[in-house]
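Residue-level structure breakdown
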2 protein chains.
Amino acid sequence: MTTIKDVAKKAGVSVATVSRFLNDSGYVSAEAAKAVTAAVEELKYELNPVARSLNTKKSNLIGLILPDITNPFFPELARAVEDVALTYGYTVVLCNSDENPEKEKNYIETLKKKYIAGFIVTSNQLDAPHYANANVPIVALDRTINEKIPTVSSNNKEGAIMGTNALLKRGCRNILFLRGPEELNPANDRYEGFMEAIQSSNLQYQVVTCPFHFADSQEIVARVLKEDPTIDGIFASSDVSAAGALKAASLAGKRVPEDLQIVGFDGVAMGEMLSPGLTTVAQDVYKMGAIAARVLIKQIENKKIDQRFYEVPVKLIIRGTTRSVEE
Amino acid sequence: MTTIKDVAKKAGVSVATVSRFLNDSGYVSAEAAKAVTAAVEELKYELNPVARSLNTKKSNLIGLILPDITNPFFPELARAVEDVALTYGYTVVLCNSDENPEKEKNYIETLKKKYIAGFIVTSNQLDAPHYANANVPIVALDRTINEKIPTVSSNNKEGAIMGTNALLKRGCRNILFLRGPEELNPANDRYEGFMEAIQSSNLQYQVVTCPFHFADSQEIVARVLKEDPTIDGIFASSDVSAAGALKAASLAGKRVPEDLQIVGFDGVAMGEMLSPGLTTVAQDVYKMGAIAARVLIKQIENKKIDQRFYEVPVKLIIRGTTRSVEE
DNA sequence: ATATTATGTGTAACCGGTTACACACTGGAA
DNA sequence: TTCCAGTGTGTAACCGGTTACACATAATAT
């Protein structure tokens, strides 16, 4: 392995000069620069990031902390983060937290020892002291914030309004809203949006809390549909729940979308594969991840951040679980 | 930050003794051990992994190279790898290669500079020189091998035989096999399994190549079904293709499973959400990832590896796209 | 009693960089 | 002419560990 010393020797300068040249710090004469460039080229010198880390106390590692990569929402996020990180020369460390504060804390401490450059976090624990005291750049994704931490999320409330209106516009008169878990901030925003839209309509509705889990959702919807057969629209806070609803509906002999219309939230690929295809409020998950990564890197590199909150717009995708609009 | 020197001073011994104690290398008296333990405790000393890496030329980083975490097959794999890595004290770096040898090479080189401990790779490029010359422990996952690299995969051929027989046993007389891309080793093994099973039956069949992609599969199946309406069974080499087939079938007015039975391959969660639920040959993806991680860590830690090939058994999951067995 | 071997410890070099500091030189300002 | 700021460079300390080596002592073999 060739080291900075080899380069210095070959270029006929000191290691300090080589280092200054490589880091573009301090003065280096044109002459020296040329000699160093040549030596680097000739020796195929590549800087050792570990050695550098040791004295700069910095690295180009980014920690991506998310509950569970297995949850269909996160892979795309991870992909976006990794793509952006790569173009800026950063490396992504994957951390599945299972929403467990202990695990999160553990990751943070372990990685801080490696001089990690920053974290992108999807967690409810963001106000926990290990974040506040982390003393490392952080960006919060999807979930809420400690006021000081930049946050990227979908425009959940707006999306919920769009989704609700989509059902209203298509003639639903009795809507079931599948509300997500109360600990989840996005779920609350969606709930708010739904309430706002439905209340200004004066139509009948009901709200049932329902985890973002297929089988549970199916069961819950099956029950509710039996209790109240007049339900003609379901707005689920997640696509997985919507899929559960769709299954429950078809098992209950409801025709979708003729008897019952369904709208999901998320826009995961699976929605397209269902029959009929799932109408949904799609998040631009990739974009969220990409923005989060960029904002984090800006922080890391001490560039000015223009905003503290980034809301990524959401898009209504019409497929087969809703009817065509009544004019 | 407390360093090994602080510990040495407080314990009244030299740094060498502290280091020897911490690494359990060389001789350390009981007395010294006690003093060091106490000092570590009192100062809350934690070893700096970067400094250690610098001279040992080792780290506890594991690179996970896969085509695209967004592909539903991989998150579970990643999860398993990360889980196992965590319990052994390793950290996982996520690398999306897009099956691009240049990107793979890049990751390998970048990470080798960080003294990465080893790689888990899902790639077709495994014989490329940058793997052969990588000079780092590697485990191949799902895809094939350079002879020398330990490999973990599903029992694809056996699985294909099971899937085919499931259709045969349920009375299919004209089966369409959706073969996966020819570059993919698992796809070839599945093809082999299908051929073996079907040929010993003397029944009619046809094989169509079809990417692991929903919309493409749907289109291909729609066309084939139109050309040959007597097809009464489809065995798809992936669940995504099976989903496409299911959609095409229902759009073509075929009743599943009455007129047409479908079996997929993979066992992704989405299969359950379809209507009817997808019968499929399920891989134990988590297990594959976990085994790969364990085998890699064994290699890293110079423990003996008992095998070179690990075949993880596959399981037939019967759901609604197949009929009950004719006795 | 002497030669080995095993045990225990500290000093200092080293891993491969960065950077504080000292020093030299140049050119313009006073 | 003198002073100072700006430019350019090298020496050596330092980041926080590991480890080769030298040395001392205790235990065992001969």
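No experiment lies behind these values; they were computed from the predicted model shown.

**A word on the overall build of chain A**
Helices and strands together make up the secondary structure of chain A, namely 13 helices and 12 strands. Computed over C-alpha atoms, the radius of gyration of chain A comes to 26 Å, more than 25% over the 20 Å expected from 2.2 N^0.38 for 327 residues, which places it beyond the range of a compact globule. With the C-alpha coordinates aligned to their principal axes, the bounding extent of chain A is approximately 85 × 40 × 35 Å. Taking all 327 residues of chain A together, 54% fall into the buried category. If you take every contact in chain A between residues at least 6 apart in sequence, the share linking residues at least 24 apart comes to 70%. For chain A, the exposed surface amounts to about 14,500 Å²; the carbon and sulfur share of it is 50%.

**Structural notes on the relation of the copies chain B and chain A**
Rotating chain B by 180 degrees and translating it 0.0 Å along the rotation axis places it on chain A, where the RMSD comes to 0.0 Å. This pairing of chains is accounted for by a two-fold axis. Across chain B, the rotation axis passes nearest the C-alpha of Val93 of chain B, at a separation of 2.2 Å. Interface overlap between copies: 100% of the residues of chain B at the interface are likewise at the interface in chain A, consistent with a symmetric, same-surface contact.

**Here's the deal with the side chain of Ser154 of chain B**
Residue and element names in this part refer to chain B. Structurally, the position occupied by Ser154 is in strand β5 (residues 151–154). Ser154 sits in the buried class, given a relative accessible area of 1%. When residues no more than four places from it in sequence are discounted, the contact partners of Ser154 are Gln283, Met288, Glu311, Val312 and Val314.

**Regarding the sheet that holds strand β6 (residues 174–179) of chain A**
Paired through their backbone hydrogen bonds, the strands of a sheet run either parallel or antiparallel. Residues and elements named next belong to chain A. Judged by pairing direction, the sheet is mixed, and its six strands sit side by side in the order β7-β6-β8-β9-β10-β12 without closing on themselves. For this open sheet the edge positions go to β7 (204–209) and β12 (315–317), each flanked by a neighbour on one side alone. Put simply, the sheet's adjacent strands are angled 15 degrees from each other on average, direction ignored. Examined bridge by bridge, strand β9 (residues 261–266) and strand β10 (residues 279–282) share four bridges and lie parallel to one another. When the sheet's bridge partners are listed, Asp266 is paired in β10 with Ala282. Here helix α11 (residues 239–251) sits on the sheet and contacts β6, β8 (233–236), β9 and β10; the angle it forms with β9, its principal contact strand, is near 155 degrees.

**Describing the interface of chain B and chain A**
Taken together, the contact pairs 47 residues of chain B with 47 residues of chain A. Surface buried jointly by chain B and chain A totals about 3,900 Å² across both partners, of which 61% is contributed by carbon and sulfur atoms. The largest per-residue losses of area from chain B upon contact with chain A belong to Arg79, Lys113 and Met273 of chain B, which jointly make up 18% of the total buried on that side. Viewed at the interface, chain A and chain B are joined by 20 residue pairs in polar contact (both at pLDDT 80 or more). Looking at the side of chain B that touches chain A, the elements with two or more residues in it are α4 (49–56), α5 (74–87), β2 (91–96), α6 (101–113), α11 (239–251) and α12 (270–273) of chain B. With seven residues, the top contributor of residues to the side of chain B that touches chain A is α5 of chain B. Grouping the amino acids of the side of chain B that touches chain A by side-chain chemistry returns 26 nonpolar, nine polar and 12 charged.

**A few points about the protein's contact with DNA strand D**
In the neighbourhood of DNA strand D, 29 residues make up the surrounding shell, with Tyr27 and Ser29 of chain A together with Ile4, Ser19 and Asn55 of chain B lying closest. Considering DNA strand D, the proportion of its atoms within 4 Å of the protein that are sugar or phosphate atoms stands at 64%. Between DNA strand D and the protein, one listed contact pairs a phosphate oxygen with a side-chain N or O atom of Ser19 of chain B at 2.4 Å. Between a base nitrogen of DNA strand D and a main-chain N or O atom of Ala51 of chain B, the distance comes to 3.4 Å. When residues of the surface near DNA strand D are traced back to their parent elements, those giving at least two are α2 (15–23) and α4 (49–56) of chain A together with α2 (15–23) and α4 of chain B. Considering every element that reaches the surface near DNA strand D, the biggest residue donor is α4 of chain B, with five residues. Residues belonging to the surface near DNA strand D are distributed by class as follows: 14 nonpolar, 11 polar and four charged.

**Observations concerning the side chain of Thr280 of chain A**
Inspection of the secondary structure assignment puts Thr280 of chain A in strand β10. Non-local contacts of Thr280 of chain A, meaning those with residues more than four positions away in its chain, are made with Asp239, Val263, Gly264, Phe265, Asp266, Gly267, Lys315, Leu316, Ile317 and Arg319 of chain A.

**A look at the sheet that holds strand β9 (residues 261–266) of chain B**
Residue and element names in this part refer to chain B. The six strands are arranged β7-β6-β8-β9-β10-β12 in an open sheet whose pairing can be described as mixed. Each edge of the sheet is formed by a strand with only one pairing partner; in this case those strands are β7 (204–209) and β12 (315–317). Each strand of the sheet is rotated relative to its neighbour by a mean of 15 degrees, with strand direction disregarded. Note that strand β6 (residues 174–179) and β7 share six bridges and pair parallel. Within β7, the position partnered with Leu178 by the bridge is Val208. In the packing of helix α10 (residues 214–227) onto the sheet, contacts are made with β6, β7 and β8 (233–236), and the angle to β7 comes to roughly 145 degrees.

**Remarks on the packing of α2 of chain B against helix α3 (residues 30–43) of chain B**
All names here are of chain B. For the pair α2 and α3, interaxial distance at closest approach is 10 Å and the crossing angle is 85 degrees. Compared by their axis directions, α2 and α3 come out roughly perpendicular. Contact residues: α2 offers Thr17, Val18, Phe21 and Leu22, while α3 offers Ala32, Ala33, Val36, Thr37 and Val40. Counted by class, the contact of α2 with α3 contains seven nonpolar, two polar and no charged residues.

**Section: the domain arrangement of chain A**
Residue and element names in this part refer to chain A. When the domains of chain A are assigned, the result is domain 1 (4–47), domain 2 (61–154 + 286–312) and domain 3 (156–283). Here the C-alpha centre of domain 3 lies 30 Å away from the C-alpha centre of domain 2. Tallying the contact residues gives eight residues for domain 2 and eight residues for domain 3. Here domain 2 packs against domain 3, burying approximately 740 Å² in sum over the two surfaces, 52% of which is carbon and sulfur. In this assembly, domain 2 and domain 3 are joined by zero salt bridges. Run the count over domain 2 and domain 3 and you get two residue pairs in polar contact (both at pLDDT 80 or more). Along the lines of polarity and charge, the residues of the side of domain 2 that touches domain 3 split into three nonpolar, three polar and two charged.

**A few points about helix α13 (residues 285–300) of chain A**
What sets the pattern is the α-helix's 3.6 residues per turn: residues three or four places apart point alike. Residue and element names in this part refer to chain A. Between the first and last C-alpha of α13 there are 23 Å, a value that for 16 residues agrees with the 22 Å anticipated at 1.5 Å per step. Buried residues of α13: Val285, Met288, Gly289, Ala290, Ile291, Ala292, Ala293, Val295, Leu296, Ile297, Gln299 and Ile300, and no others. Taken from the residues just after α13, Asn302 is the one with a positive phi, measuring 60 degrees.

**Considering the pattern of salt bridges**
Scanning the entire structure with this criterion turns up 25 salt bridges over all chains. For the salt bridge of Glu196 of chain A with Lys157 of chain A, the shortest nitrogen-to-oxygen distance reads 3.0 Å. Taken together, the positions of Glu196 of chain A in helix α9 (residues 185–199) and Lys157 of chain A in helix α8 (residues 156–169) put the pair 39 residues apart, joining distant regions of the chain. For Lys157 of chain A, a relative accessible area of 29% corresponds to the partly exposed category. Between Lys103 of chain B and Asp98 of chain B there is a salt bridge, with its nearest N and O atoms 3.3 Å apart. A single salt-bridge network, built from bridges that share partners, covers Asp68, Asp98 and Lys103 of chain A together with Arg79 and Asp83 of chain B.

What counts and what doesn't
Residues numbered from 1 in each chain as written. Chains lettered and ligands numbered in written order. Predicted model: local features only at pLDDT ≥ 70, side-chain atom pairs only at ≥ 80, totals over all residues. Heavy atoms only, no water. Helix = DSSP H or I, 4+ residues; strand = E, 2+ residues; numbered from the N terminus. Rg over C-alpha atoms; globule rule 2.2 N^0.38 Å. Buried < 20%, exposed > 50% of the residue type's maximum accessible area, 1.4 Å probe, protein only. Contact = heavy atoms within 4.5 Å. Areas by Shrake-Rupley, 256 points an atom, 1.4 Å probe, with all protein chains shown as cover. Least-squares fit on C-alpha atoms with pLDDT ≥ 70 in both. Pairing = 2+ DSSP bridges. Axes fitted to C-alpha atoms, helices over the stretch in contact; angles between N-to-C directions. Buried area = accessible area lost by both parts, 1.4 Å probe. Polar contact = N/O pair within 3.5 Å; in protein donor to acceptor, adjacent residues only side chain to side chain. Nonpolar A, V, L, I, M, F, W, Y, C, P; charged D, E, K, R; others polar. Near = heavy atom within 4 Å. Parallel < 35°, antiparallel > 145°, perpendicular 65-115°, else oblique. Domains from an automatic or database assignment. Salt bridge = Lys/Arg side-chain N within 4 Å of Asp/Glu carboxyl O. Expected span 1.5 Å × (residues − 1).

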